[in-house]
Amino acid sequence: MRELRHDFRRYYGVSYDEVALDEALDLVETLPAGSLFKASLGAVFEWSSERRMAADIANLLYICACRLSGRTDELSLPYTTPESRQRSAAYAERSKRVRATIENTEWEEV
């Protein structure tokens, strides 16, 4: 509810309490990605489309600069999207569980 109150002020210039229920529902549905309410729904909505495009451009420029300078090692992009951070965290957690399973398993000599 707090996010909606803030977003209504920020994007529509009205108080959430001043709007009729049916209009409030329409306004909630049209909140853009990057708004506090949409960001609370999941990582895919955390960034606005403008922020995504700016990050993509910055990442591409970084890759071009690295390639032009002759750098051939694995590149770590300066801007990672919320979804990729979430995937990386899930991958790290799975890797940690697999390592623990391997280390804690008693292996028979073959």
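Now for a quick tour of the structure. (Residues numbered from 1 in each chain as written. Predicted model: local features only at pLDDT ≥ 70, side-chain atom pairs only at ≥ 80, totals over all residues. Heavy atoms only, no water.)

**Things to note about a negative patch on the surface**
Taken together, D22, E23, D26 and E29 make up a surface patch of like negative charges. Inspection of the secondary structure assignment puts E29 in helix α2 (residues 21-29). Overall, E29 belongs to the exposed group, its relative accessible area being 61%. (Patch = residues over 30% accessible without salt bridge, like charges linked within 9 Å, V, L, I, M, F, W, Y side chains within 5 Å. Areas by Shrake-Rupley, 256 points an atom, 1.4 Å probe, with all protein chains shown as cover. Salt bridge = Lys/Arg side-chain N within 4 Å of Asp/Glu carboxyl O. Lys, Arg positive; Asp, Glu negative; His and termini not counted. Charge placed at Lys NZ, Arg CZ, Asp CG, Glu CD. Helix = DSSP H or I, 4+ residues; strand = E, 2+ residues; numbered from the N terminus. Buried < 20%, exposed > 50% of the residue type's maximum accessible area, 1.4 Å probe, protein only.)

**Considering a nonpolar patch on the surface**
Taken together, the side chains of L41, V44 and F45 make up a nonpolar region of the molecular surface, amounting to roughly 260 Å² of accessible area. With a relative accessible area of 31%, F45 lands in the partly exposed category.

**Re helix α1 (residues 2-12)**
Each turn of an α-helix holds 3.6 residues, which means side chains three or four residues apart point in the same direction. Listing the buried residues of α1 in full gives L4, D7 and F8. Around the axis of α1, the buried residues are gathered within 105 degrees of arc, so they sit on the same side. The outward face of α1, more than 90 degrees from its buried face, is lined by the exposed residues R2 and R10. Packing partners of the buried residues in α1 comprise α2 and α3 (36-41). (Arc of directions from axis to C-beta. Contact = heavy atoms within 4.5 Å.)

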